[in-house]
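The residues making up each chain are set out below.
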Amino acid sequence: QVHLVQSGAEVKKPGASVKVSCKASGYIFTGYYIHWVRQAPGQGLEWIGRINPNNGATNYAQNLQARVTVTRDTSVSTVYMELSRLRPADTAVYYCARVGLGGAFGDFWGQGTLVTVSS
Amino acid sequence: QAGLAQPPSVSKGLRQTATLTCTGNSNNVGNQGAAWLQQHQGHPPRLLFYMNNNRPSGISERFSASRSGNTASLTITGLQPEDEADYYCSAWDSSLSARVFGGGTKLTVL
């Protein structure tokens, strides 16, 4: 069965960077897009970006484009999301989500990774 | 980044019917298809529908979805206590080359 397992919680200082991983299993890794979505405390869902694991092509949210990088390592079926120049407003739970057959956005989700940015 | 419009909250009684709406434009909901997600507090979202009205396996038939023009709708019949959750719509925006979300609707079952 499909699983997306994310790395553990992180605490970072303002100005630092964080790299969150999302390890996929149970399906052909290169066959399905992976998206990253975040949710600040008490707030709604915010799209960060996506990657095509087959060729590494990416798209990013305009407001995060200068600070976010999504990559993948096909040898370990893992997608990474790195966010730089962190600020307290980046404190959120970060999720990875798969797009399934027929454009099924979010058919499987990671468990979420809490990133806390605080001095 | 422009998002989709959802009412912040809807309240309905037990066993009643709730209809949630999501309004976008011709670059997203109107031609790319909407997805609906359910999220209970402290849990990741769960996919209810994709591409307007495609239901993944395991989703109750009490849930249905449709689209008319630039507005997508999610209808839940026979409301149960476990339906109390936040509901988000989402769509790919072809002009932004980005995914957009609605702000979410908090459904309260009285």
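Structure first, text after, so check above.
The structure displayed is predicted, hence computed values, not measured ones.

Chemist: How should I be thinking about the overall build of chain A in this particular structure?
Modeler: Counting its regular elements, chain A contains zero helices and eleven strands. Helices (α) and strands (β) of chain A occur, in sequence order from the N terminus, as β-β-β-β-β-β-β-β-β-β-β. At 14 Å, chain A has a C-alpha radius of gyration in line with the 14 Å of a compact globule built from 119 residues. By its C-alpha atoms, chain A is 40 × 25 × 25 Å across when sized along the principal axes. Out of the 119 residues belonging to chain A, those deemed buried represent 47%. Within chain A, contacts between residues at least 6 apart in sequence are counted, and of these 51% link residues at least 24 apart.

Chemist: I keep staring at the nonpolar core and nothing clicks. Help me out?
Modeler: Residue and element names in this part refer to chain A. Grouped together as the largest cluster of nonpolar side chains are 26 residues, with contacts concentrated most on Y27, I34, W36, M81 and L83. If you list the elements that add at least two residues to this core, you get strand 3 (18-25), strand 4 (34-39), strand 5 (45-51), strand 7 (68-73), strand 8 (78-83), strand 9 (92-100) and strand 11 (113-117). The leading source of residues in this core is strand 3, at four residues. Excluding its chain neighbours within four sequence positions, the residues that come into contact with I34 are L4, Y27, G49, R50, I51, P53, V79, C96, A97 and R98.

Chemist: Which parts of the structure should I look at to understand the layout of surface pockets?
Modeler: A water-sized probe, rolled over the atoms, reveals where empty space remains. Approximately 380 Å³ is the volume found for the largest pocket. Elements with a contribution of two residues or more to the lining of the largest pocket: strand 9 of chain A together with strand 7 (85-93) of chain B. Residue composition of the lining of the largest pocket, by class: eight nonpolar, eleven polar and one charged. If you add up the space inside the second largest pocket, you get close to 260 Å³. Forming the boundary of the second largest pocket are 14 residues, of which A:G106, A:D107, A:F108, A:W109 and B:R46 lie nearest the centre. Considering each element in turn, the lining of the second largest pocket owes the most residues, four residues, to strand 10 (residues 104-109) of chain A. Considered class by class, the residues forming the lining of the second largest pocket number eight nonpolar, four polar and two charged.

Chemist: Would you mind showing me how to read the environment of A:A24 here?
Modeler: Residue and element names in this part refer to chain A. With respect to the element layout, A24 can be found in strand 3. Owing to a relative accessible area of 7%, A24 belongs among the buried residues under this scheme. For the pair A24 and V2, spaced 22 residues apart in the sequence, the C-alpha separation amounts to 7.4 Å. With sequence-adjacent residues up to four places away left out, A24 is seen in contact with H3, L4, F29 and S77.

Chemist: Explain the sheet that holds strand 5 (residues 63-68) of chain B here, please?
Modeler: Pairing between the strands of a sheet comes from backbone hydrogen bonds, and it takes one of two forms, parallel or antiparallel. All names here are of chain B. Read from one edge to the other, the open sheet built from three strands follows the order 2-6-5, with strand pairing classed as antiparallel. Bordering the open sheet on either side are strand 2 (18-23) and strand 5, each of which pairs with just one other strand. Sheet twist, expressed as the mean angle between neighbouring strand axes with direction ignored, is 20 degrees.

Chemist: Help me understand the state of the cysteines in this model?
Modeler: Here a disulfide denotes a covalent bond joining the sulfur atom of one cysteine to the sulfur atom of another. Taken as a whole and judged by the stated rule, the model has two disulfides over all chains. Disulfide partner of A:C22: A:C96, at an S-S distance of 2.1 Å. Note on the A:C22 and A:C96 pair: the S-S dihedral is about 80 degrees, so by sign convention the disulfide is right-handed. With A:C22 in strand 3 and A:C96 in strand 9, this residue pair connects regions lying 74 residues apart in the sequence. When sorted by exposure, A:C22 lands in the same class as A:C96, which is buried. The disulfide that involves B:C22 links it to B:C89, with 2.1 Å between the sulfurs. Classification of the bridge connecting B:C22 and B:C89 rests on its S-S torsion, roughly 80 degrees, and on that basis the disulfide is right-handed. With B:C22 in strand 2 and B:C89 in strand 7, the pair connects residues that are 67 residues apart, well separated along the chain. Each member of the pair, B:C22 as well as B:C89, carries the same accessibility label: buried.

So, how was this worked out
- Residues numbered from 1 in each chain as written.
- Chains lettered and ligands numbered in written order.
- Predicted model: local features only at pLDDT ≥ 70, side-chain atom pairs only at ≥ 80, totals over all residues.
- Heavy atoms only, no water.
- Helix = DSSP H or I, 4+ residues; strand = E, 2+ residues; numbered from the N terminus.
- Rg over C-alpha atoms; globule rule 2.2 N^0.38 Å.
- Buried < 20%, exposed > 50% of the residue type's maximum accessible area, 1.4 Å probe, protein only.
- Contact = heavy atoms within 4.5 Å.
- Core = buried A, V, L, I, M, F, W, Y, C linked by side-chain atoms within 4.5 Å.
- 1 Å grid on protein atoms, 1.4 Å probe; cavity = no way out; pocket = protein on both sides within 12 Å on 5 of 7 lines; lining within 4 Å.
- Points joined across faces, edges and corners; volume = space filled by probe spheres on them.
- Nonpolar A, V, L, I, M, F, W, Y, C, P; charged D, E, K, R; others polar.
- Pairing = 2+ DSSP bridges.
- Axes fitted to C-alpha atoms, helices over the stretch in contact; angles between N-to-C directions.
- Disulfide = S-S within 2.5 Å.

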